[in-house]
Amino acid sequence: QVQLVESGGGLVQAGGSLRLPCTASGLTFIRYNMGWFRQAPGKEREFVARISPSGGSTDYAGSVKGRFTISRDNAKNTVYLQINSLKPEDTGIYYCAAGFYGSTGWSYWGQGTQVTVSS
């Protein structure tokens, strides 16, 4: 049974930072692209960042480029999202996802962690 478990969310003031870990189990982690998505209140879920299985390739949404950093530790089956210079519009539920390398789409999703940024 595959599980993705996010943590690290919380309430933070604008300008602050958070690091969100997502730990995977039940899959061969090194064979999966890992991604982060978010869903703001009243909006659809949107892509935030993606990292290749080796960690050598990353992609970001334009709205977060330069402020967010995705990384992974394959020895710990964990992907991280470092969020700096938080803005109120970064508020939402942050989800991690796993997609098998070489295939399209995302096969597995976590339950999400809430990030709330106060102005």
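Up top you'll find the structure we're talking about.
Predicted model, so just to flag it, every value in this text is computed and none were measured.

So, about the pattern of salt bridges. Under the definition given, this model contains four salt bridges. A salt bridge links glutamate 46 to arginine 38, with the shortest nitrogen-to-oxygen separation between them at 2.6 Å. On the accessibility criterion, glutamate 46 (35% relative accessible area) is partly exposed. One salt bridge in this structure joins arginine 38 and aspartate 90, with 2.8 Å as the shortest N-O distance. Taken together, the residues span a long stretch of sequence, with arginine 38 in strand S4 (residues 32-39) and aspartate 90 in the loop between strand S8 (78-83) and strand S9 (92-100) at a distance of 52 residues. What makes arginine 38 buried here is its relative accessible area of 6%. Each of Arg38, Glu46, Arg67 and Asp90 takes part in salt bridges that share partners, so that together they form one network.

All chains considered together, the criterion is met by five aromatic pairs. Between the aromatic rings of tyrosine 32 and phenylalanine 100, the centroid separation amounts to 5.4 Å while the plane-to-plane angle is 85 degrees, which identifies the pairing as edge-to-face. Within this pair, whereas tyrosine 32 is found in strand S4, its partner phenylalanine 100 is found in strand S9, the two being separated by 68 residues in sequence. Since its relative accessible area comes to 10%, tyrosine 32 is described here as buried. Joined through ring pairs, the aromatic side chains of Phe37, Phe47, Trp106 and Trp109 make up one cluster.

Conventions and cut-offs
- Residues numbered from 1 in each chain as written.
- Predicted model: local features only at pLDDT ≥ 70, side-chain atom pairs only at ≥ 80, totals over all residues.
- Heavy atoms only, no water.
- Salt bridge = Lys/Arg side-chain N within 4 Å of Asp/Glu carboxyl O.
- Buried < 20%, exposed > 50% of the residue type's maximum accessible area, 1.4 Å probe, protein only.
- Helix = DSSP H or I, 4+ residues; strand = E, 2+ residues; numbered from the N terminus.
- Phe/Tyr/Trp six-rings, centres within 6.5 Å; stacked < 30°, edge-to-face > 60°.

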